[in-house]
Structure formats: structure tokens, C-alpha cells
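Examining the three-dimensional arrangement
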Amino acid sequence: MYNESLFDVSAPVRVVMSLNVQWYELMWRGEKTHEFRRRYLTGTPTQWFVYLTAPTSTLCAVIDLDAAIEDTPERIAQIADQMRPGNGDTVLPYLARDGKEVGYALPIRRVREFTGFSADELDQMLDGSFAAPQGYTLVDRHPAWQAVCDKLVSAPVVRETTIDPLP
């Protein structure tokens, strides 16, 4: 769980997480306004450094997220249905698996894409220790990840969009 005393709450908390390419493309089409997770930080906006899973296998985007909405899996599934009718039918079992009683909807505000880094480049930049993120990694707790993320956002933006999440 997020501990506010560990971070500068005036800036978004930076995280690295994986994402399937199909969900990423829905963001660009305006069809995905929230990301859904079984566990996540609460009480603060986050900046998500996106590692797109295979076959893309690239760290290439940064997504600005509002503070997570924390609620029951049923209520979060309702948000998923508002976003895309029928989506709640897949989100609910994912969130409620193993008896979980809380889920998270992460409102997406802005997506920026960069040329990025392949898995091989990330492995070199992280001294041979790269593995696709499982869950989320807090960037600012890992100096090597800080350097990678800083380098990513220092490059020109390839494309950018803003998203207006549903209330």
C-alpha cells in the first residue's frame, strides 16, 4: 500500500507496469479510459511508464493517471461497463479472484508515446537484470529504473493524446 510519507505528494508517483498491446491500442482509439488492477497505490496521481508485453516487448509510453478509485470488484466492474459495455463481465472475475474484496480503477488522463527501449536494451541499461514488470515497480526506489525513465522522457514524443475518463 502507498505510504505518503515516502514520496513528494506534489508530484505524481512514478511506476513501471506491463500492459498488453491490445489494451494500449484501445487507449489511442478513446475506448479505454481506465486501467483496472487488483492492487495499486491510493491517494495520489501516478505516472505509469508502460512496458508493452510480447510480441512488442518495449518500454515506450508514459500514461498520466488520476488517483486510483478504490472500491468493491462489483463497483469497479460497473466503471468498466460504462467504459465499454460488456467489459465488466471480464473485469469482475479478474478483480474478485481469490476472494479479493477491493479493486482499483485508474483514470487515464494523458498518453505519450516515445520511440522507447526494447527488452534487450532495457536488459543492458539495467545491468542484465531486466524482467518484464509483474504488478508495479516504484521507479524512484530504484536508481537504475530512474535513469531509464528519465532517458525515455527526454526523447521527443512520437504521439500524444488526452483522455477524459467517465465520472
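The rules we used
Residue numbers run consecutively from 1 along every chain, following the written order of its sequence. In keeping with the predicted nature of the model, local features appear solely for residues at pLDDT of at least 70, side-chain atom pairs appear and are counted solely at 80 or more, and the whole-chain, interface and lining totals rest on all residues. To get the side-chain values, all heavy atoms of the structure are used, and hydrogens and water are removed first. Salt bridge, as applied in this entry: a Lys or Arg side-chain nitrogen positioned within 4 Å of an Asp or Glu carboxyl oxygen. For helices the rule is a DSSP run of H or I covering at least 4 residues; for strands it is a run of E covering at least 2, with both sets numbered from the N terminus onward. Any pair of Phe, Tyr and Trp rings, taking the six-membered ring for Trp, is counted once the centres come within 6.5 Å. Such a pair is stacked with planes under 30 degrees apart, edge-to-face with planes over 60 apart, and tilted for the rest. Burial classification: accessible surface area is computed with a 1.4 Å probe over protein chains only, and a residue below 20% of its type maximum counts as buried, one above 50% as exposed, and the rest as partly exposed.

A short note on the pattern of salt bridges
- A complete count under the given rule lists 14 salt bridges for this structure.
- Residue Asp64 pairs with Arg112 through a salt bridge whose shortest N-O separation is 3.9 Å. Here the residue Asp64 occupies a position in strand β4 (residues 58-65), and Arg112 occupies one in strand β6 (residues 103-118), the gap between them amounting to 48 residues.
- Here Asp66 and Arg109 are joined by a salt bridge, their closest N and O atoms 2.7 Å apart. Taken together, the residues span a long stretch of sequence, with Asp66 in the loop between β4 and β5 (69-71) and Arg109 in strand β6 at a distance of 43 residues.

Description of the packing of aromatic side chains
- Counted under the stated rule, the structure contains four aromatic pairs.
- Aromatic side chains Phe130 and Trp145 sit 6.3 Å apart centroid to centroid with 65° between the ring planes, which places their arrangement in the edge-to-face category. Here the residue Phe130 occupies a position in the loop between α4 (119-125) and β7 (136-138), and Trp145 occupies one in helix α5 (residues 143-154), the gap between them amounting to 15 residues. The two residues Phe130 and Trp145 agree in class, both being buried.

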